[in-house]
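Report on the structure
These are the residues of each chain, in order.
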2 protein chains.
Amino acid sequence: TPPGPSPCVPWVLAMLESVYFLLSWVRSSLPPWGPCWGGSSTRLPAGPHPWGSSGQGMVLLHTGGQAGDPWGSPPAAWRGGRSTAVVTWDKAALWTDSRYWTQAERQLDCNWELQRTTWIKSIGLWILEAVPVGANISLDPFLFSIDTWNSYSQALHGSGRTLLPIETNLVDQVWGDQRPPPASSEIYSLPAAFTGSSWQEKVAGIRQQMEQHVRRPTAVLLSGLEETAWLFNLRGNDIPYNPVFYSYTLLTNTSISLFVDEMRLSAAARQSLRAGCPGPLCVELQEYGQARAHLRRYAQGNVTVWLGTEYTTYGLYGVIPQEKLLEDSYSPVMLAKAVKNAKEQELLRAAHVRDAVAVIQYLLWLEKMVPQGQVDEFSGAQHIDMLRQSEHNRGPSFQSISASGLNAALAHYSPSNRSSRKLSVDEMYLSDTGGQYLDGTTDITRTMHWGVPTPLQKEAYTRVLMGNIDLSRLIFPPNTAGRVVESFARRALWNVGLNYGHGTGHGIGNFLSVHEWPVGFQSNNVPLMAGMFTSIEPGYYRDGEFGIRIEDVALVVEAQTKVPFLTFEVVSLVPYDRNLIDLSLLSLEQIRYLNAYYETIRARVGPELQRQRLEEEYRWLQRNTEPFPLGSAATATATLGTLALASLLSALLAGLQA
Amino acid sequence: TPPGPSPCVPWVLAMLESVYFLLSWVRSSLPPWGPCWGGSSTRLPAGPHPWGSSGQGMVLLHTGGQAGDPWGSPPAAWRGGRSTAVVTWDKAALWTDSRYWTQAERQLDCNWELQRTTWIKSIGLWILEAVPVGANISLDPFLFSIDTWNSYSQALHGSGRTLLPIETNLVDQVWGDQRPPPASSEIYSLPAAFTGSSWQEKVAGIRQQMEQHVRRPTAVLLSGLEETAWLFNLRGNDIPYNPVFYSYTLLTNTSISLFVDEMRLSAAARQSLRAGCPGPLCVELQEYGQARAHLRRYAQGNVTVWLGTEYTTYGLYGVIPQEKLLEDSYSPVMLAKAVKNAKEQELLRAAHVRDAVAVIQYLLWLEKMVPQGQVDEFSGAQHIDMLRQSEHNRGPSFQSISASGLNAALAHYSPSNRSSRKLSVDEMYLSDTGGQYLDGTTDITRTMHWGVPTPLQKEAYTRVLMGNIDLSRLIFPPNTAGRVVESFARRALWNVGLNYGHGTGHGIGNFLSVHEWPVGFQSNNVPLMAGMFTSIEPGYYRDGEFGIRIEDVALVVEAQTKVPFLTFEVVSLVPYDRNLIDLSLLSLEQIRYLNAYYETIRARVGPELQRQRLEEEYRWLQRNTEPFPLGSAATATATLGTLALASLLSALLAGLQA
């Protein structure tokens, strides 16, 4: 799946997390003003408004959840956002990215204006226009991270408008008793076979970092749902596609507090967490709603709380005195989770072999079914989701993107049952899908054409592939940030004036989030280290015509240089569409790389296909991983010397034979 | 000249400006404690110390000037820093970058510890170790920019140590009457032939930006010396190598205040500035020392002051109430200056033709003199400085770097009369020099070998050249930040595990600074736009053996793509050392690029050499710009097919001839 906005604009603070989001709450949960601000029948919550009585205030709403997400108190941990709404007394606007524009246009009535960007700076400028000096802007501090809060603060800095946290979530008030119940499904322990180390080892590692830090923090606060899930080897089902659960953790040097609905823990999970009680490895289970109060009490002592500002809610941050804070962009747990150990790497590799089998089955099925006109985007998505339902699978890792023809130009398009385009041999088709397996999360995009592509389609596809190859085979020094190398994925496109508007890759988890921060190629990602997994996914989109994306997941590994430089090992194992590759554009090195990659696919996926007795798929794989001839490379054919030699030679040979 | 530390480490705040810096003030101007903290004979300024009486405070000193620089009040505008000193009651440490390590080791006695980094984070960590909680750290706020101040603040955030501005500069107190007098040379107007537009046009442009800004600022405050010099088309001699002068500017929507020693202005300059008096284009000349008081008074009104936080001193910032500030990283003047208009571009191009003549004369002279053993680093530097003393020249643009053999491994080494290595046909030689011309500032590095280079030297040189070429010929979209493309200058080195530890380029002025922010490839540079000039200067350094750098200045221009993408036009016009190029490593595209560049050199420098009747140099240029044969390219020779064809062909030919 493509990450957010392009990193080329320096002040973009890309805040990516999951790909789910439901806009409909905006209609269903906000007061039906109307008609279109002309009338006076507002149904705003009664009583004194936290934004003051001047009538000039506003409330700023931050979204990022889905139907059934508990929007209020006890609040969800901040999980990144895809959309922001601002409501004033006489205006309302929604900011969201391209994947939701069509949906927003359909679902927003004339009370709302749609803003086609998500940049905080542009939201700030809108607010400066919409409200006069002296007004307050109110936010629910549990729906904004510290960094996001600070970005708004920065955008309004010195303008005479004030950001105010409000404890009462206004959307909750509007929900009233219509609000869906909180999540209640079981929270369970991952079997040891699927974890890289025990939760006790992970806790010990974090505590060691605390001891070695010059500031000697006494506690680490975890607000990100992935952080707690990873630390305790626990999983849940609270968020579609992401096996996490509502929780907070306060890990101190002597105790461990896990804030969660205890009743939802499986017996085995509870036993695992309580095995070390009493003692420093005893997990004290506390009520989810008590996190803030507990933290406030803890912060009264002689303590230093270490936290990551990208993933901690401003609401928790606010109860810790400044001098007792140790702030980094990411908590030590986020960073530890990002570097997979040898076992976690093997688990992720194994998941990708199984995932490749499903995708290869899908590609073969499409080859047979599309010419018969029997597949549409929606049934295609259903089919690949079904094919993944094998060993260890726990469903897709995000809503499958299945886009034919012009629909693929919308980078995040997902079909619905009602609007679904038929796949055809006359159009390109883009499939961006992934699976959650107990051993790993996958994410892969392939673009295909079963008929005769146009020259532009073929050239664009080939250049996207060249970008994928150039970044995948790059050798780079340790401590290199992704953002300084991601242009290698763009150069082949740039050369002819083409580009794409999203990021080039994102981290990925072991049965966790499909977008796992802080790994990737964006400006707020950390430097690449051996053991990190990231997607590599350049693309090209032509409005109203077609869309191309080629995405693989790659592991950062040591390169074969004398000094310990790094490079990538691609762990996605599915060949590219030969029908769309113009070999004459590729360099010799690019063709050699492709052939080596295809050998790896054969060696790793071939045996698994045979084990599953998928003979037709096995033959398909052999056909589609045939080595490409080196003689077709761009530089060879372009070499005048070579061409001259060749024709001279054939003339000579003809002469000899004559 | 190479910019500062590598941009690969994400939190490096590179603060680059000029290359001059004198360490000796540390010895000469600080109290002679001693011996080595054992004794009690400290000569710290008497009286109540601003850092408190606890005996645990410290003072933080920021350097960046040179001998004769007025270190205290009225303070110099902030001009970036190369070095920082911290003095506590019982410790003293100096942080500086690699070019000053040797000098520092020689000149610092055992009272001082030398820290081989300039990262504020490491200074912060040292402070946290050296002083207990509760202590104050005092700084002269006129020697730190807002951003630098905030970085220190961030580094000490929540640690219980407090940053305190002190009005009294302690180094000044130690200087006493030994302090050199302030600058007194003439400040003059640039002739219209050498300016891109009149100062009135520039002022009108900035005022237009003020009007169009959503925050409607009423004034722009200029603290950077280049900003005022550029805005008014004035130049001075206060800083060696940089034709600027001590000054501040407050440009409001109705008035213009220039804070400068009025007596130093030439009659023509004064006349030009006062021509529009009274009126909105009248420049009011005010005392340099009154800037702060004036600004404080102005800030009491209903005003908004627009400033850039990278170049404004914290001392001025502090007198403006928060709600009256409009802060950007760079002032609108810095950004306007960065984009050269058509006339400024032509001026810079012309300066580079003249500069190429001097460098070509130098290279020819070296070819003849070095084998005779008659040149050392120092006499070489003197010779190139002398050769530049032609039309419009106003001296070198920085202290010439002239480094032979292992000395070139120190990226910023400059020879002195006392320690100067003899140039030899057995060693590589690196020359990094530049000139100040009335029409432009130049900066160029060439590396040479007049004998037989080792295979490693040749490969490393060729890979540095490949990096220079790959970045120079890159095509990229508008709004691309330099930091996301600078890796193209490194890839050829990275491929074999090599790299360099400095940035890849920096902006450059029209008869202004040789390092002109905010253009370049570092993390705090602004996106590249057509009309910007930047150096492109990859290198490779092998400790104790040799150093390579290949530096050109390039103009950002529109590319020949259908959409308005950008690329570079190299305006430095001196060929590379053919003796060091291994053609078999270059791709066909790289050789084609080189040949086209050499054609440009011939077309632009050849006529100028002829005009100056430099016949020998003209012949040297022709020899050194001969097109390279395409058949030698890496990809051609590496193609097995080609090699096989070639040997088969020769066998056949032999057979035919037999």
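The structure displayed is predicted, hence computed values, not measured ones. (Residues numbered from 1 in each chain as written. Chains lettered and ligands numbered in written order. Predicted model: local features only at pLDDT ≥ 70, side-chain atom pairs only at ≥ 80, totals over all residues. Heavy atoms only, no water.)

**Topic: the sheet that holds strand S20 (residues 444-449) of chain B**
Across a sheet, strands are paired by hydrogen bonds formed along the backbone, either parallel or antiparallel in direction. Residues and elements named next belong to chain B. With antiparallel pairing, the 3 strands of this open sheet are ordered in space as S16-S17-S20. The strands lining the two open edges of the sheet, one partner per strand, are strand S16 (401-404) and S20. On average, each strand axis in the sheet is inclined to that of its neighbour by 10°, with strand direction left out of account. Looking at chain direction, strand S17 (residues 428-433) and S20 are connected through 6 bridges and run antiparallel. (Pairing = 2+ DSSP bridges. Helix = DSSP H or I, 4+ residues; strand = E, 2+ residues; numbered from the N terminus. Axes fitted to C-alpha atoms, helices over the stretch in contact; angles between N-to-C directions.)

**Points about unusual backbone geometry**
In this structure, proline 278 of chain A follows cysteine 277 of chain A across a cis peptide bond, with omega equal to -15°. Assignment of secondary structure puts proline 278 of chain A in the loop between helix H8 (267-274) and strand S12 (283-286). In this structure, the amide linkage connecting tryptophan 517 of chain B to the following residue, proline 518 of chain B, adopts the cis form with an omega of 0°. For asparagine 233 of chain A, which is not glycine, the phi torsion reads 55° and is therefore positive. The topology assignment puts asparagine 233 of chain A in the loop between helix H7 (225-232) and strand S9 (234-235). Positive phi is not limited to glycine here, since phenylalanine 511 of chain B has a value of about 50°. Here phenylalanine 511 of chain B is to be found in the loop between helix H15 (491-494) and strand S21 (533-536). Residue classification places phenylalanine 511 of chain B among the buried positions, given a relative accessible area of 1%. (Buried < 20%, exposed > 50% of the residue type's maximum accessible area, 1.4 Å probe, protein only.)

**Observations concerning helix H4 (residues 146-156) of chain A**
Residues of H4 of chain A that are buried: Ile146, Asp147, Thr148, Trp149, Ser151, Tyr152 and Leu156 of chain A. Backbone geometry just downstream of H4 of chain A places glycine 158 of chain A in the positive-phi region, at approximately 75°.

**Quick look at the sheet that holds strand S18 (residues 435-437) of chain A**
Residue and element names in this part refer to chain A. One open sheet accounts for 3 strands, arranged S15-S18-S19; its pairing is antiparallel. In this open sheet, the two strands that pair with only one neighbour each are strand S15 (393-396) and strand S19 (440-441). Pairing analysis gives 2 bridges linking S18 to S19, with the strands arranged antiparallel. Following the sheet pairing, tyrosine 437 is matched in S19 by glycine 440.

**Notes on the packing of aromatic side chains**
Residues and elements named next belong to chain A. Taken as a whole, this structure holds 37 aromatic pairs over all chains when the rule is applied. Aromatic pair tyrosine 248 and tyrosine 288: ring centres 5.3 Å apart, planes at 10°, arrangement stacked. On the criterion of sequence distance, the pair formed by tyrosine 248 in strand S10 (residues 248-252) and tyrosine 288 in the loop between S12 and helix H9 (291-298) is long-range, its members being 40 residues apart. For tyrosine 248, a relative accessible area of 3% gives the class buried. (Phe/Tyr/Trp six-rings, centres within 6.5 Å; stacked < 30°, edge-to-face > 60°.)

**What to know about the state of the cysteines**
Residues and elements named next belong to chain A. Enumeration over the complete set of coordinates arrives at 2 disulfides over all chains. Two residues, cysteine 277 and cysteine 282, share a disulfide whose sulfurs are 2.0 Å apart. In this structure, the disulfide formed by cysteine 277 and cysteine 282 twists by about 80° around the S-S bond and is classed as right-handed. By relative accessible area, which is 26% here, cysteine 277 ends up partly exposed. (Disulfide = S-S within 2.5 Å.)

**Some remarks on the packing of helix H12 (residues 342-369) of chain B against helix H16 (residues 588-611) of chain B**
All names here are of chain B. As a packed pair, H12 and H16 sit with axes 10 Å apart at the nearest point and diverge in direction by 65°. Comparing their axes, H16 and H12 come out roughly perpendicular. Taken as a pair, H12 and H16 cross one another with a handedness that is right-handed. Residue-level inspection shows Arg349, Val353, Arg354, Ala356, Val357 and Ile360 of H12 in contact with H16, the latter providing Arg604, Val605, Glu608 and Leu609. Its residues assigned to classes, the contact of H12 with H16 shows 6 nonpolar, no polar and 4 charged. (Parallel < 35°, antiparallel > 145°, perpendicular 65-115°, else oblique. Left-handed = near helix turned anticlockwise from the far one by under 90°. Contact = heavy atoms within 4.5 Å. Nonpolar A, V, L, I, M, F, W, Y, C, P; charged D, E, K, R; others polar.)

**With respect to the pattern of salt bridges**
Residue and element names in this part refer to chain A. Within this structure, the stated rule accounts for 44 salt bridges over all chains. Among the ionic pairs, glutamate 226 bridges to lysine 337, the shortest N-O distance being 3.7 Å. Residue glutamate 226 is found in helix H7, and its partner lysine 337 is found in helix H11 (residues 332-338); the two are separated by 111 residues along the sequence. The closest approach of N and O atoms between arginine 264 and aspartate 238, which form a salt bridge, is 2.3 Å. Residue arginine 264 is found in the loop between strand S11 (256-259) and H8, and its partner aspartate 238 is found in the loop between S9 and S10; the two are separated by 26 residues along the sequence. Across this residue pair, the class does not change: arginine 264 and aspartate 238 are buried. It is possible to trace a salt-bridge network through shared partners that takes in Glu226, Lys337, Lys340 and Glu516. (Salt bridge = Lys/Arg side-chain N within 4 Å of Asp/Glu carboxyl O.)

**Some words on helix H17 (residues 615-624) of chain B**
All names here are of chain B. Turning to H17, its buried residues are Glu617, Trp620, Leu621 and Asn624. Each buried residue of H17 sits inside an arc of 100° when the element is viewed along its axis, so together they form one side. Lining the buried residues of H17 we find H12 and H16. (Arc of directions from axis to C-beta.)

**Quick notes on the environment of proline 165 of chain B**
All names here are of chain B. Note that proline 165 resides in strand S6 (residues 162-165). Using a relative accessible area of 39% as the deciding quantity, one classes proline 165 as partly exposed. Note: C-alpha distance between proline 165 and glutamate 284 (119 residues apart in sequence) is 30 Å. Each residue touching proline 165, except ones within four places of it in the same chain, is listed here: Leu139, Pro141 and Trp149.

**Quick look at the packing of helix H12 (residues 342-369) of chain A against helix H17 (residues 615-624) of chain A**
Residues and elements named next belong to chain A. Where H12 contacts H17, the two axes come as close as 10 Å, and the packing angle between them is 90°. In terms of orientation, H12 lies roughly perpendicular with respect to H17. Note on element contacts: H17 touches H12 through Glu616, Glu617, Trp620, Leu621, Arg623 and Asn624, opposite Ile360, Gln361, Leu363, Leu364, Glu367 and Lys368. Across the contact of H12 with H17, the residue classes tally to 5 nonpolar, 2 polar and 5 charged.

**Points about the layout of surface pockets**
Taken as a whole, the second largest pocket spans an internal volume of roughly 1,200 Å³. Along the wall of the second largest pocket there are 41 residues; nearest its centre are Arg491 of chain A together with Arg473, Arg491, Ser587 and Glu589 of chain B. With 4 residues, helix H14 (residues 455-472) of chain B is the largest single contributor of residues to the lining of the second largest pocket. Here the lining of the second largest pocket is composed, by residue class, of 18 nonpolar, 12 polar and 11 charged. (1 Å grid on protein atoms, 1.4 Å probe; cavity = no way out; pocket = protein on both sides within 12 Å on 5 of 7 lines; lining within 4 Å. Points joined across faces, edges and corners; volume = space filled by probe spheres on them.)

**So, the side chain of histidine 294 of chain B**
Residue and element names in this part refer to chain B. Its location among the elements puts histidine 294 in helix H9 (residues 291-298). Histidine 294 gets classed as buried once you look at its relative accessible area, which sits at 16%. Apart from residues lying up to four places away in sequence, histidine 294 is in contact with Leu250, Ser257, Phe259 and Gln286.

**Here's the deal with the environment of glycine 395 of chain B**
All names here are of chain B. By the element assignment, glycine 395 lies in strand S15 (residues 393-396). Taking relative accessible area as the criterion, glycine 395 reaches 19% and is therefore assigned buried. Spatially, the C-alpha atom of glycine 395 lies 35 Å from that of threonine 252, the residues being 143 residues apart in sequence. Once residues lying within four places of it in the same chain are set aside, the contact partners of glycine 395 are Gly435 and Gln436.

**What about the pairing of strand S22 (residues 539-542) of chain A?**
All names here are of chain A. Pairing of S22 with strand S23 (residues 546-549), which is carried by 4 bridges, proceeds in the antiparallel orientation. Paired with tyrosine 541 across the strands is glycine 547, a residue of S23. Between S22 and S23, which follow one another and run antiparallel, lie 3 residues, and glycine 544 among them has a positive phi close to 75°.

**Remarks on the nonpolar core**
Counting residues in hydrophobic clusters, the biggest one holds 170 residues, and the most contacted among them are Leu366 of chain A together with Leu366 of chain B. When residues no more than four places from it in sequence are discounted, the contact partners of leucine 366 of chain A are Pro371, Val375, Leu423, Tyr429, Met448 and Trp450 of chain A. Trp95, Ile123, Phe144 and Ala299 of chain A belong to the second largest nonpolar core, which has 69 residues in total. (Core = buried A, V, L, I, M, F, W, Y, C linked by side-chain atoms within 4.5 Å.)

**Here we look at the environment of arginine 235 of chain B**
Residue and element names in this part refer to chain B. Structurally, the position occupied by arginine 235 is in strand S9 (residues 234-235). In the structure, arginine 235 is positioned 144 residues away from serine 379 in sequence and 30 Å away in space, judged by C-alpha atoms. Within the structure, the side chain of arginine 235 is placed 3.1 Å from the backbone oxygen of asparagine 510, a separation counted as a polar contact. (Polar contact = N/O pair within 3.5 Å; in protein donor to acceptor, adjacent residues only side chain to side chain.)

**Considering the pairing of S16 of chain B**
All names here are of chain B. Where burial is concerned, the two faces of S16 agree: the one with Ile401 and Ala403 and the one with Ser402 and Ser404 are both buried. Relative to S17, S16 is paired through 4 bridges, and the arrangement is antiparallel. Opposite isoleucine 401, over in S17, you have aspartate 432 as the bridge partner.

**A look at the confidence of the model for chain A**
All names here are of chain A. Scored by pLDDT, chain A comes out at a mean of 84, with 84% of its residues at no less than 70. The model gives residues 62-81 a pLDDT under 50, and that stretch makes 87 contacts with residues more than four places away or in other chains. The ipTM value of the predicted complex is 0.82, and its pTM value is 0.84. (pLDDT = per-residue confidence, 0-100.)

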